[in-house]
Amino acid sequence: MIGNSRLHWALFVDNTLNSTWDTEHLSASDMQLLAKTNTLPLSPSSTRPIFLSSNLPITLVLASVVPTQTKLWQTYPNVRLITLNHIPIKGMYPTLGIDRALALYGAGKTYGFPILVIDVGTALTFTGVDHQQRLIGGAILPGLSLQFNSLGQNTGQLPSLKTNSITSLPQRFALNTKEAIQSGVIYTLLAGTKDFIESWLSLFPDSKIAITGGDSDLLKSYFQTYDPEISAQLISEKNLIFLGMEKILFGNG
Ligand SMILES: Nc1ncnc2c1ncn2[C@@H]1O[C@H](COP(=O)(O)OP(=O)(O)O)[C@@H](O)[C@H]1O
Ligand SMILES: CC(C)(COP(=O)(O)O)[C@@H](O)C(=O)NCCC(=O)O
Ligand SMILES: [K+]
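For the structure given in this document, a descriptive report is provided here. (Residues numbered from 1 in each chain as written. Chains lettered and ligands numbered in written order. Predicted model: local features only at pLDDT ≥ 70, side-chain atom pairs only at ≥ 80, totals over all residues. Heavy atoms only, no water.)

### What about the site of ligand 2?
In the vicinity of ligand 2, 13 residues are found, and the nearest of them are Y93, G97, D99, R100 and A123. Expressed as a share of its isolated accessible area of 470 Å², the protein-covered part of ligand 2 is 79%. Broken down by secondary-structure element, the contributors of at least two residues to the shell around ligand 2 are α3 (98-111) and β8 (123-129). (Near = heavy atom within 4 Å. Areas by Shrake-Rupley, 256 points an atom, 1.4 Å probe, with all protein chains shown as cover. Helix = DSSP H or I, 4+ residues; strand = E, 2+ residues; numbered from the N terminus.)

The structure is reproduced here in structure tokens:
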């Protein structure tokens, strides 16, 4: 899965999700080497890729929301691209992100329909589907890092905060710059997310709510203090997209 911040990898063995890891986006020259040697990167995103090779031909199944990266990866041998046409959800609009459709399908098949998926990634998305597997719709806003970075990059005096520097809920009425940014971004995100959840539950009272993405643990931990009742309803699953892929590729579930 090619996301906007990084690559998310999963190994499927015997038609089953076996393991997952993340790497950085690859360069064109890395890509040429991979294609030539029929190898794939196996490493955490913080270090330089090392390469996994196999004696068996590996089929690479690709889903992407980054067209430049999609183009690069299509030079790899044995590559299959997953598109919206493969996803049995009704009423999807043509430009819906494939990551949203896969996560929605993975979540629905795993926990049941209807379901609302909250993906706290580069962008933060809400995506909801009803009992009949029909897309109801959703919303897109900047994710946590994007909000912090846009403040840091577009002002003269504000620092670009890192999400990992914030471990607990900040003081709401802050008396320094760093905490004022944390308070503004986080309390607004919590209030907005709560409002989307309540609005969804008023339409589908028996719906499950699943949360995924790079900053989902962080958002869920803030909710534990901010609104324990909502927090208890959030099903955390990092692999929603790959559960969706598993079901589409192998019909599991
Ligand atoms: N090790 C990490 N590397 C990059 N981003 C991370 C990491 N851990 C948490 N994050 C957060 O996750 C966000 C990206 O979300 P994620 O769902 O992983 O990516 P994508 O949007 O590429 O699918 C980043 O903006 C960052 O705030
Ligand atoms: C909204 C997204 C940018 C989220 O991407 P991500 O944060 O997961 O990298 C992606 O799903 C996308 O490009 N969607 C297309 C527009 C839409 O879904 O309506
Ligand atoms: K994502």
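Now that the structure has been shown, the text picks up again.
### A word on the pattern of salt bridges
As enumerated under the stated definition, the model contains four salt bridges in all. A salt bridge links R6 to D22; the nearest nitrogen and oxygen atoms lie 3.2 Å apart. One end of the pair, R6, is in the segment before β1 (7-13); the other, D22, is in strand β2 (residues 16-23), with 16 residues separating them in the sequence. Look at D22 and you get partly exposed, because its relative accessible area is 25%. With a shortest N-O distance of 2.8 Å, K194 and D227 are connected by a salt bridge. Of the two residues, K194 sits in helix α5 (residues 177-203) while D227 sits in the loop between α6 (216-226) and α7 (228-233), which places them 33 residues apart along the sequence. Taking relative accessible area as the criterion, D227 reaches 11% and is therefore assigned buried. (Salt bridge = Lys/Arg side-chain N within 4 Å of Asp/Glu carboxyl O. Buried < 20%, exposed > 50% of the residue type's maximum accessible area, 1.4 Å probe, protein only.)

### Things to note about the nonpolar core
Grouped together as the largest cluster of nonpolar side chains are 29 residues, with contacts concentrated most on I118, I197, L219, Y222 and L234. Sorting the residues of this core by element identifies β7 (115-120), β8, α4 (144-153), α5, β10 (208-212) and α6 as the ones contributing at least two each. When residues of this core are assigned to their parent elements, the largest contribution, nine residues, is made by α5. (Core = buried A, V, L, I, M, F, W, Y, C linked by side-chain atoms within 4.5 Å.)

### Remarks on the pairing of β2
Examined bridge by bridge, β1 and β2 share seven bridges and lie antiparallel to one another. Its bridge partner lying in β2, L7 is registered against T23. Hairpin connection from β1 to β2: two residues lie between these consecutive antiparallel strands, with D14 at a positive phi of about 50°. (Pairing = 2+ DSSP bridges.)

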